[in-house]
Amino acid sequence: MSPEAAGYLDKARQCLGYARINLTVDLGNDAGRNAYLAAFHAAQSLIFERTGKVAKTHQGVHAEFTRLTKDDPRLPTEVRRFLAQAYNLKAVADYELGPDSILPLERAAKALADAEAFVDGVTSLLVPSAEHRE
């Protein structure tokens, strides 16, 4: 794996760690945002490893990740879809106002579990199982 792709995976794992910490202190919005960012960086890792390029926008990452993984049976559909679905978590945390601006802790915890599955799934596409690291 290229150093750049490994760097994106490291960043993804860092975001997962932040999301876990956020949940322990009841920061659902921050946990949800970090869950999304973990998936975003994992997707960037796969994109870079397969194309040698970095997508410049969230939409670009979503589109390129979907294109690169759409026919790969090793990545379940529900895992693949998390990236696009989780963008809403970041949007709520960053832009919403009023009562809809608070991400419930249960939803944030589910997002973290889904993000962990996403990062693990992407990692399995990039790293032989003997090298898979946490």
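Shown above is the structure to which this text applies.
Residues numbered from 1 in each chain as written. Predicted model: local features only at pLDDT ≥ 70, side-chain atom pairs only at ≥ 80, totals over all residues. Heavy atoms only, no water.

Asks: Would you explain the overall build of the protein chain in this entry?
Replies: Looking only at helices and strands, one finds five helices and zero strands in the protein chain. For the protein chain, the N- to C-terminal ordering of α and β elements is α-α-α-α-α. Expressed as a percentage of its 134 residues, the buried residues of the protein chain come to 46%. When contacts within the protein chain are restricted to residue pairs at least 6 apart in sequence, long-range pairs at least 24 apart make up 64% of them. With the model as given, the accessible surface of the protein chain reaches about 7,200 Å², and the carbon-plus-sulfur share is 54%. (Helix = DSSP H or I, 4+ residues; strand = E, 2+ residues; numbered from the N terminus. Buried < 20%, exposed > 50% of the residue type's maximum accessible area, 1.4 Å probe, protein only. Contact = heavy atoms within 4.5 Å. Areas by Shrake-Rupley, 256 points an atom, 1.4 Å probe, with all protein chains shown as cover.)

Asks: Please clarify how the packing of helix α2 (residues 28-51) against helix α4 (residues 77-95) should be interpreted in this entry.
Replies: Where α2 meets α4, the axes come as close as 8 Å, and the angle between the chain directions of the two elements is 140°. With respect to α4, the element α2 is oriented oblique. Taken as a pair, α2 and α4 cross one another with a handedness that is left-handed. Between α2, through Asn29, Gly32, Arg33, Ala35, Tyr36, Ala39, Phe40 and Ala43, and α4, the contact on the second element is made entirely by Phe82, Leu83, Ala86, Tyr87, Leu89, Lys90, Ala93 and Asp94. Per-class residue counts for the contact of α2 with α4 are 11 nonpolar, two polar and three charged. (Axes fitted to C-alpha atoms, helices over the stretch in contact; angles between N-to-C directions. Parallel < 35°, antiparallel > 145°, perpendicular 65-115°, else oblique. Left-handed = near helix turned anticlockwise from the far one by under 90°. Nonpolar A, V, L, I, M, F, W, Y, C, P; charged D, E, K, R; others polar.)

Asks: Help me understand unusual backbone geometry, please; the structure alone is not making it clear to me.
Replies: As a rule of thumb, non-glycine residues mostly have phi less than zero, and peptide bonds are mostly trans rather than cis. Of note in the backbone geometry, aspartate 26 takes a positive phi value of approximately 60° without being a glycine. Tracing the backbone through its elements, the reader meets aspartate 26 in the loop between α1 (3-24) and α2.

Asks: Help me understand the nonpolar core in this model?
Replies: Inside soluble globular proteins, nonpolar side chains tend to come together where they are buried. Among the nonpolar cores identified, the biggest contains 37 residues, and Phe65, Leu83 and Phe118 are the most heavily contacted of them. Looking at this core, the element that brings in the most residues is α2, giving 11 residues. Sequence-distant contacts of phenylalanine 65, that is, excluding residues within four places in its chain, are made with Ala43, Leu46, Ile47, Leu75, Arg80, Leu83, Phe118 and Val122. (Core = buried A, V, L, I, M, F, W, Y, C linked by side-chain atoms within 4.5 Å.)

Asks: Would you explain the pattern of salt bridges in this entry?
Replies: Oppositely charged side chains can pair when the atoms bearing their charge come close. On inspection of all chains with the given rule, the structure shows seven salt bridges. We note a salt bridge from aspartate 30 to arginine 33, for which the minimum N-O separation is 2.7 Å. On the criterion of helical spacing, the pair formed by aspartate 30 and arginine 33 is a turn pair, its members being three residues apart in helix α2. Of the charged contacts, one joins glutamate 64 and arginine 67 as a salt bridge, the two residues approaching to 2.7 Å between their closest N and O atoms. Taken together, the residues glutamate 64 and arginine 67, both in helix α3 (residues 58-69) and three residues apart, mark about one turn of the helix. (Salt bridge = Lys/Arg side-chain N within 4 Å of Asp/Glu carboxyl O.)

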